[in-house]
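Chain by chain, the residues run as shown.
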Amino acid sequence: QVKLAESGGGLVQAGGSLRLSCAASGLTFSNRYMAWFRQAPGKEREFVAGITWTFGSTYYTDSVKGRFTISRDNAKNTVYLQMNNLKPEDTAVYYCAEGFNIPPRTVVADSKYDYWGQGTQVTVSS
């Protein structure tokens, strides 16, 4: 029904910036929650940032607060993750995810999401 396509990953040095994009196609609804997750080798997938589609309310995991910004463009049906001051520990595959009517207290749980992108690799060198 919905396809999510991430782009914008790459290799950067510590302190650099990247902007990830997630383009949604297919039938979508306004009452949804969009999020970015990431997964490093040998680790579980973790929540990074999320945004409500209707009003753009955002939420971030503590490790990226002040460095990452999630936003969305309703007209383009696209969500972005602006990543500044990148650190080596940010290295991971970043995934875009979409969920419908996710309770606010559970947005960090990847099991609550209905659609996932293929992921885009972000590598930060020291």
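Here the structure is a predicted model, which is why all the values come from computation and not from measurement. (Residues numbered from 1 in each chain as written. Predicted model: local features only at pLDDT ≥ 70, side-chain atom pairs only at ≥ 80, totals over all residues. Heavy atoms only, no water.)

Peer 1: Explain the sheet that holds strand β8 (residues 78–83) to me, and be specific about the residues and the numbers.
Peer 2: Read across the sheet, four strands follow the order β1-β3-β8-β7 without closing on themselves; strand pairing throughout is antiparallel. Where the open sheet ends on each side, the last strands, each with one partner, are β1 (2–7) and β7 (68–73). Averaged over neighbouring strand pairs, the angle between their axes works out to 15° when direction is ignored. For β1 and strand β3 (residues 18–26), the ladder comprises six bridges, and the chain directions are antiparallel. Directly across from lysine 3, in β3, lies its bridge partner serine 25. (Pairing = 2+ DSSP bridges. Helix = DSSP H or I, 4+ residues; strand = E, 2+ residues; numbered from the N terminus. Axes fitted to C-alpha atoms, helices over the stretch in contact; angles between N-to-C directions.)

Peer 1: Pulling in residues and values, what's your account of the nonpolar core?
Peer 2: Core analysis: the biggest nonpolar cluster contains 26 residues, and Trp36, Val79, Leu81, Met83 and Tyr94 have the highest contact counts within it. Put simply, the parts of the chain that give this core at least two residues each are β1, β3, β4 (32–39), β5 (46–52), β7, β8, β9 (92–100) and β11 (120–125). Residue contributions to this core peak at four residues, all from β3. The next biggest cluster of nonpolar side chains, apart from the first, holds eight residues, and it includes Phe37, Phe47, Ile102 and Tyr113. (Core = buried A, V, L, I, M, F, W, Y, C linked by side-chain atoms within 4.5 Å. Buried < 20%, exposed > 50% of the residue type's maximum accessible area, 1.4 Å probe, protein only.)

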